[in-house]
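Chain residues, written in single-letter form:
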Amino acid sequence: AQKVTQTQTSISVVEKTTVTMDCVYETRDSSYFLFWYKQTASGEIVFLIRQDSYKKENATVGHYSLNFQKPKSSIGLIITATQIEDSAVYFCAMRGMSNYNVLYFGSGTKLTVEP
Amino acid sequence: EAAVTQSPRNKVAVTGGKVTLSCNQTNNHNNMYWYRQDTGHGLRLIHYSYGAGSTEKGDIPDGYKASRPSQENFSLILELATPSQTSVYFCASGDRGGTFGAGTRLSVL
């Protein structure tokens, strides 16, 4: 079975600082894909960044980057120079090759960025 | 820009009634999905489709049917709605990150 766990329910940071959100996953697949999504206060869900399990380099998109630690089955999301607009709920998700079309989500971490 | 449009955005239904949630995508994606979101559970997959004419069960299909009459349209059907199906429903298309619709808030009274 595949499972994604986000243990941090909520995080609060001061604007312009760096924040890391944790995510651990379980899978028996040798190849898999990991994703992070952002859900804004309006409910909109936006894809942010993806890590392919066979790639050793950590993915980076804008001020989002990943800390992929495959031996620990961990994929952390790092947001640098946080802005008020980064306040949202962040979801980690995984797709395995054994059931490629199913995306498993964690329960989410609510990030609040304060001035 | 690729888009996924859900309708209605809000729906109030009565217990035992039939509810149809619609989703249209302009991405020309083969794969489409229906999720529900409940507090503490993240998003859970109900049904998905590989293309027109196909529907597959996700993790929580009980009480739901799906229909994919065309590449663009994917519907979620609640034949006999129950209060436990009160939730926010999201449609998505695509394989990689995917594109999500804006969601449908359904209340079953």
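For clarity, every value in this text was computed on a predicted model and none was experimentally measured.

Visitor: Can you lay out the overall build of chain B for me, pointing to particular residues and giving the numbers?
Guide: Counting its regular elements, chain B contains zero helices and 11 strands. Starting at the N terminus, the α and β elements of chain B follow one another as β-β-β-β-β-β-β-β-β-β-β. Here the C-alpha radius of gyration of chain B, 13 Å, is about what a compact globule of 109 residues would show, namely 13 Å. With the C-alpha coordinates of chain B rotated into their principal frame, the extents come out at 35 × 25 × 25 Å. Restricting the contact set of chain B to residue pairs at least 6 apart, pairs at least 24 apart contribute 53%. Between the mean site of the 10 positive side-chain charges and the mean site of the 8 negative ones, chain B shows a separation of 6 Å.

Visitor: With reference to specific residues and values, describe the nonpolar core.
Guide: By size, the foremost hydrophobic cluster in this structure holds 44 residues, and its most contacted members are W36(A), L77(A) and Y90(A). The contact partners of L77(A), leaving out residues within four places of it in the chain, are V19(A), T20(A), M21(A), W36(A), L48(A), I49(A), Y64(A), S65(A), L66(A) and Y90(A). If you look at the next biggest cluster of nonpolar residues, it comprises 18 residues, including A13(B), M32(B), Y64(B) and L78(B).

Visitor: Account for the state of the cysteines, with residues named and values stated.
Guide: In protein chemistry, a disulfide is the covalent bond that joins the sulfur atoms of two cysteines. Residues and elements named next belong to chain A. A complete count under the given rule lists two disulfides over all chains for this structure. One disulfide bridge connects C23 with C92, the sulfur atoms lying 2.0 Å from each other. Residues C23 and C92 are joined by a disulfide whose S-S torsion is about -75°; by sign, that bridge is left-handed. Placement of the pair is C23 in the loop between β3 (19-21) and β4 (24-26) and C92 in strand β10 (residues 88-96), with a sequence separation of 69 residues. This pair shows no difference in class: C23 is buried, exactly as C92 is.

Visitor: Which residues make up the pattern of salt bridges, and what are the values?
Guide: Residue and element names in this part refer to chain B. The full count for this structure, using the stated rule, is five salt bridges over all chains. The partner of R36 in a salt bridge is D38, with the nearest N and O atoms 2.8 Å apart. We classify R36 as buried; its relative accessible area is 8%. The partner of K65 in a salt bridge is E79, and the shortest N-O contact between them spans 3.7 Å. Pair noted here: K65 is in strand β7 (residues 65-67) and E79 is in the loop between β8 (73-78) and β9 (87-93), with a separation of 14 residues, a long-range link. When its relative accessible area of 35% is taken as the criterion, E79 is described as partly exposed.

Visitor: Requested: an account of the sheet that holds strand β1 (residues 4-7) of chain B, with residues and values cited.
Guide: Strand pairing in a sheet is mediated by backbone hydrogen bonds. Such pairs are either parallel or antiparallel. Residue and element names in this part refer to chain B. On the basis of which strands lie adjacent, the open sheet formed by four strands has the order β1-β3-β8-β7 and antiparallel pairing. Looking at which strands have only one partner, the edges of the open sheet turn out to be β1 and β7. For this sheet, the mean inter-axis angle between neighbouring strands, taken without regard to orientation, is 20°. Inspection of the sheet shows strand β3 (residues 19-25) paired to β8 by six bridges, in the antiparallel sense. Bridging across to β8, T20 finds its partner in I77.

Visitor: Before we move on, can you summarise the side chain of D38(B) with the specific residues and values?
Guide: All names here are of chain B. Tracing the backbone through its elements, the reader meets D38 in strand β4 (residues 32-38). A distance of 2.8 Å separates a polar atom in the side chain of D38 from a polar atom in the side chain of R36. Separated by 2.8 Å, the side chains of D38 and S87 make a polar contact. If we ignore the near neighbours within four places in the chain, the residues touching D38 are R44, T86 and S87.

Definitions and limits used
Residues numbered from 1 in each chain as written. Chains lettered and ligands numbered in written order. Predicted model: local features only at pLDDT ≥ 70, side-chain atom pairs only at ≥ 80, totals over all residues. Heavy atoms only, no water. Helix = DSSP H or I, 4+ residues; strand = E, 2+ residues; numbered from the N terminus. Rg over C-alpha atoms; globule rule 2.2 N^0.38 Å. Contact = heavy atoms within 4.5 Å. Lys, Arg positive; Asp, Glu negative; His and termini not counted. Charge placed at Lys NZ, Arg CZ, Asp CG, Glu CD. Core = buried A, V, L, I, M, F, W, Y, C linked by side-chain atoms within 4.5 Å. Buried < 20%, exposed > 50% of the residue type's maximum accessible area, 1.4 Å probe, protein only. Disulfide = S-S within 2.5 Å. Salt bridge = Lys/Arg side-chain N within 4 Å of Asp/Glu carboxyl O. Pairing = 2+ DSSP bridges. Axes fitted to C-alpha atoms, helices over the stretch in contact; angles between N-to-C directions. Polar contact = N/O pair within 3.5 Å; in protein donor to acceptor, adjacent residues only side chain to side chain.

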